[in-house]
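Fold and geometry: a report
Okay, here's what each chain looks like letter by letter:
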Amino acid sequence: MGLSGLGSAVLASIVLLSLVALCSGGSDAPRGVAVGFVFDLKATCEPPCRHAGVCIRNNTCFCSKGYEGETCQYANCFPKCKNGGECLRPGKCRCPPGFGGRFCHKVTCDGGCWNGGECTAVNGVAKCICPSSWTGSKCQHAICPQGCRNGGICVAPGICSCLDGWLGGACHTAVCRQPCLNGGKCISPDKCRCRPPFSGPRCEEKKQSH
Ligand SMILES: *[C@@H]1O[C@H](CO)[C@@H](O)[C@H](O)[C@H]1NC(C)=O
């Protein structure tokens, strides 16, 4: 035990003795603040004092700085561990998932937040808050408000990547490599819908009417 520890122990015994004097009048406990330096060298503490706490009276531990509890079993963290972190030893917090930093004061999103997303604690859970044009747990998915149709996928905000044979902002326009004739309409890749009386792949044939 260091000098400062001893000093603290003395201070604590004085405090304890005053408490004893107040609380247990009539017992055989040592009375009086008059006794200058008192702590019971024969005192036994069971279970023993932990974390370098000193047994100053039977079953009374005087804890070293940073610990508290009957047997000095609890560590103290200053500042306190935030966001449900557990104080492992003085100044050392164990943080729940989603939090980090010395006092668990920092929010950490597993895998990070992409595309300008911001990691924020929402009801104690780390979450990416995404810019309006992105979504997903990491803001990894772009949003195409117009939708991407016909198998197209949204690759960036408002931008669809279309399958072969489709064009347009929402991949909604079919492409017929040979144009549809006679007012026919390209309705899917290389497929024309013909106006009567035309038919054929490009609406090039005119049906004979009888
Ligand atoms: C402390 O405990 C020991 C053993 O249990 C006992 O002999 C002793 O008298 C106790 N001391 C005081 C001050 O009560």
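Our subject is the structure that appears above.
The shown structure was predicted, so the numbers you read here are calculated from the model rather than taken from an experiment.

The next thing to look at is the state of the cysteines. Should the sulfur atoms of two cysteines be covalently bonded, the bond is a disulfide. This model, assessed by the stated rule, comprises 15 disulfides. Here Cys77 engages in a disulfide with Cys87; their sulfurs sit 2.1 Å apart. Here the disulfide of Cys77 and Cys87 is right-handed, its torsion about the S-S bond being about 85 degrees. Highlighted residues: Cys77 in the loop between β4 (74-75) and β5 (86-89) and Cys87 in strand β5, separated in sequence by ten residues.

Note that Lys127 resides in strand β10 (residues 125-129). In this structure, the C-alpha to C-alpha distance between Lys127 and Cys113, residues 14 residues apart in sequence, is 8.6 Å. When neighbours within four sequence positions are excluded, Lys127 is seen to be in contact with Cys109, Glu118, Cys119, Thr120 and Val122.

So, about the site of the ligand. Near the ligand the following residues occur: Asp40, Thr44 and Asn58. Residue Asn58 places a side-chain N or O atom 2.3 Å away from an oxygen atom belonging to the ligand. Look at the ligand: alone it shows 360 Å² of surface, and the protein chains cover 28% of it.

On inspection of all chains with the given rule, the structure shows two salt bridges. Among the salt bridges present, the one from Glu86 reaches Arg94, with a minimum N-O distance of 2.8 Å. Here Asp190 makes a salt bridge to Arg177, at a shortest N to O gap of 2.5 Å. Residue Asp190 is located in the loop between β17 (185-188) and β18 (191-193), and its partner Arg177 is located in the loop between β16 (173-174) and β17; the two are separated by 13 residues in the primary sequence. Overall, Arg177 belongs to the exposed group, its relative accessible area being 70%.

It is worth spelling out the pairing of β10 at this point. One ladder, built from five bridges, connects strand β9 (residues 118-122) with β10; its direction is antiparallel. Bridge pairing in β10 places Glu118 opposite Ile129.

In this chain, Phe78 is followed by Pro79 through a cis amide linkage whose omega measures -5 degrees. As for its placement among the helices and strands, Pro79 is situated in the loop between β4 and β5. Of note, the bond from Pro196 into Pro197 is cis; its omega dihedral lies within 30 degrees of zero at 10 degrees. Within the secondary structure, Pro197 is located in the loop between β18 and β19 (198-199). Backbone geometry places Ala52, a non-glycine residue, at a positive phi of 65 degrees. Here Ala52 lies in the loop between α1 (3-23) and β1 (54-57). Of note in this structure, Cys104 is not a glycine but carries a positive phi near 60 degrees. Locating Cys104 in the fold gives a position in the loop between β7 (99-100) and β8 (106-107).

Reading the values: the criteria
- Residues numbered from 1 in each chain as written.
- Predicted model: local features only at pLDDT ≥ 70, side-chain atom pairs only at ≥ 80, totals over all residues.
- Heavy atoms only, no water.
- Disulfide = S-S within 2.5 Å.
- Helix = DSSP H or I, 4+ residues; strand = E, 2+ residues; numbered from the N terminus.
- Contact = heavy atoms within 4.5 Å.
- Near = heavy atom within 4 Å.
- Polar contact = N/O pair within 3.5 Å; in protein donor to acceptor, adjacent residues only side chain to side chain.
- Areas by Shrake-Rupley, 256 points an atom, 1.4 Å probe, with all protein chains shown as cover.
- Salt bridge = Lys/Arg side-chain N within 4 Å of Asp/Glu carboxyl O.
- Buried < 20%, exposed > 50% of the residue type's maximum accessible area, 1.4 Å probe, protein only.
- Pairing = 2+ DSSP bridges.

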